[in-house]
Amino acid sequence: MDPELSAWKDNLRGKGVLPEGMKAAMLAGSSARGWHDARSDFDVYLVTDRPWSSEGTRSFTVPLEPSTVGTESFYVGSRRWEISYWLDTQVGQLIEKVSWEAFRSDLMAGDALTAREETFLSRLSSAVALEGEDWIRQRKAELHDSAFRSFLVARSLGFADGCVEDALGQLESGSAEGATLAARQAFHHAIDALLEAKGEYGSAVQKWLPYRVRAAQPLHISFAEYWAVETMQTYDPADPARWINEVLTLCQDISMKIEV
Amino acid sequence: MGTPAPLAPDDVPARRLDTRIRRMDGSLVLAFGETVVQLSESGALLYEHMDGRRTVGMLAAVLAETYELSEQEALTDTGEFLGYLLENSLAEVRTSGP
């Protein structure tokens, strides 16, 4: 094992938070991507057959059976570590929730999964194995074959459509400020859809958007083009409608390229 | 709804920005209000190139080059397609000025 990954595992073992017979342990979130900064939490998912419990265990609820996920947190130096204990059967249920059958029933992503469930699946796709590589590879493959990607793409495109309507409505009513903000939101949702179509998830946290664009390298917009819109480089306060219309047109261009 | 006037080669058609667009099973599907339209391959080609800058003539040239049509055939096909979009409020046109 990579010495750095081995050190991660040693830290977990030293804190006594690794269950016997766990199926998998994985780094998740920014640390798994190498995007973390000095203030980032380290997130670790552990997958077990039986619920984990210790003196320091807390939990959050999920609409699964059983309905709780245990968590532990601790500090190593100034760094906070957050450990979540998911059951193998819960992960199976999550993947079933985003089946193609569920997608074809017009269920919206926000209705199919809670935010925590979506975060878990999003992070699973890019998780780094500390233990249980076969389990992680198998679950990643199941996720890849599921409709998770299409759920998220459809949701982001729907959000983008809503923001486009808002922008046009604001422009028609003479509010360039409101239209500008709505156009920016539409653009973010369209970019999210483009990235999700490439399996690059994580739309919940805005600060990672440039990182995700760099990682996904979408064919239909370069990083420089994305960043020019993101930072409003051609926005003219004397003629905001021109920029707004260009951005909304770009949102349509993106929608045309993405297979839902 | 009245039938739109025929388009001139210098007119500039544009997609309506409030049209919802999806690509499903390789086809472009447009929706505006209760109108839902699935475009043919050639229709999708024209629609994708309707960026509010290209004229009808330029769009026809794209069609002619892709499908090896004569200029007149391409202009006729492009005009029919754009007329359909305009009738269904899926496009708007900027008439070229003098």
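About the thresholds
- Residues numbered from 1 in each chain as written.
- Chains lettered and ligands numbered in written order.
- Predicted model: local features only at pLDDT ≥ 70, side-chain atom pairs only at ≥ 80, totals over all residues.
- Helix = DSSP H or I, 4+ residues; strand = E, 2+ residues; numbered from the N terminus.
- Buried ≥ 20, exposed ≤ 12 C-beta atoms within 10 Å, placed from the backbone.
- Contact = placed C-beta atoms within 7 Å.
- Domains from an automatic or database assignment.
- Pairing = 2+ DSSP bridges.
- Axes fitted to C-alpha atoms, helices over the stretch in contact; angles between N-to-C directions.
- Expected span 1.5 Å × (residues − 1).
- Core = buried A, V, L, I, M, F, W, Y, C linked by C-beta atoms within 7 Å.
- pLDDT = per-residue confidence, 0-100.

## Some thoughts on the overall build of chain A
Working step 1: Summing up its helical and strand segments, chain A has 12 helices and 6 strands in all.
Working step 2: For chain A, the spread of C-alpha atoms along the three principal axes comes to 65 × 45 × 30 Å.
Working step 3: Relative to its full complement of 260 residues, chain A shows a buried share of 38%.
Working step 4: The contacts of chain A with a sequence gap of at least 6 include a subset with a gap of at least 24, amounting to 62%.

## Observations regarding the domain arrangement of chain A
Residue and element names in this part refer to chain A.
Working step 1: Looking at chain A, the domain boundaries give domain 1 (3-146) and domain 2 (149-257).
Working step 2: Each of domain 1 and domain 2 has a C-alpha centre, and these two points are 30 Å apart.
Working step 3: At the interface, 11 residues of domain 1 touch 10 residues of domain 2.
Working step 4: Mapped by element, the contributors of at least two residues to the side of domain 1 that touches domain 2 are helix 5 (109-112) and helix 6 (115-124).

## Some details on the environment of A:Glu246
All names here are of chain A.
Working step 1: If you trace the backbone, Glu246 turns up in helix 12 (residues 240-257).
Working step 2: Residue Glu246 is classed as partly exposed on the basis of its C-beta count, with 15 C-beta atoms lying within 10 Å.
Working step 3: Considering only alpha carbons, one finds Glu246 and Val229, 17 residues apart in sequence, at a separation of 9.6 Å.

## Overview of the sheet that holds strand 4 (residues 35-38) of chain B
Working step 1: In space, the 3 strands of this open sheet follow the order 2-3-4 (chain B), with antiparallel pairing throughout. Of all the strands in the sheet, just strand 2 (20-24) and strand 4 of chain B have a single pairing partner and so form its edges. Taking the axes of each pair of neighbouring strands and ignoring which way they run, one obtains an average angle of 20° across the sheet.
Working step 2: By the bridge criterion, 5 bridges tie strand 2 of chain B to strand 3 (residues 27-32) of chain B in an arrangement that is antiparallel. Bridged to B:Arg23 within strand 3 of chain B is B:Leu28.
Working step 3: Helix 12 of chain A rests against strand 2 and strand 3 of chain B of the sheet, and its axis sits at about 20° to strand 2 of chain B.

## Thoughts on helix 8 (residues 148-172) of chain A
Working step 1: Over its 25 residues, helix 8 of chain A runs 37 Å from end to end, which matches the ideal 36 Å to within 8%, given 1.5 Å per residue.
Working step 2: With its phi angle positive at about 90°, A:Gly174 sits one or two positions after the end of helix 8 of chain A.

## Structural notes on the nonpolar core
Working step 1: With 68 residues, the main nonpolar core has A:Met26, A:Val44, A:Ala167, A:Ala186 and A:Cys251 as its most contacted residues.
Working step 2: The greatest single-element share of this core, amounting to 12 residues, is contributed by helix 8 of chain A.
Working step 3: Shared between two domains, this core holds at least three residues of each, these being domain 1 (3-146) and domain 2 (149-257) of chain A.
Working step 4: Aside from chain neighbours lying at most four places away, what touches A:Val44 is A:Leu12, A:Ala25, A:Met26, A:Leu27, A:Ala28, A:Trp81 and A:Ile83.
Working step 5: Membership of the second largest hydrophobic core comes to 19 residues, among which are B:Leu7, B:Leu63, B:Leu82 and B:Ala91.

## Observations regarding the confidence of the model for chain B
Residues and elements named next belong to chain B.
Working step 1: Taken as a whole, chain B shows an average pLDDT of 90; of its residues, 91% reach a score of 70 or greater.
Working step 2: Model confidence for chain B, summarised as mean pLDDT per element, is weakest for strand 5 (residues 91-94) at 86 and strongest for helix 2 (residues 56-67) at 97.
Working step 3: Across the interfaces of the predicted complex, the ipTM metric reaches 0.87, alongside a pTM of 0.91.

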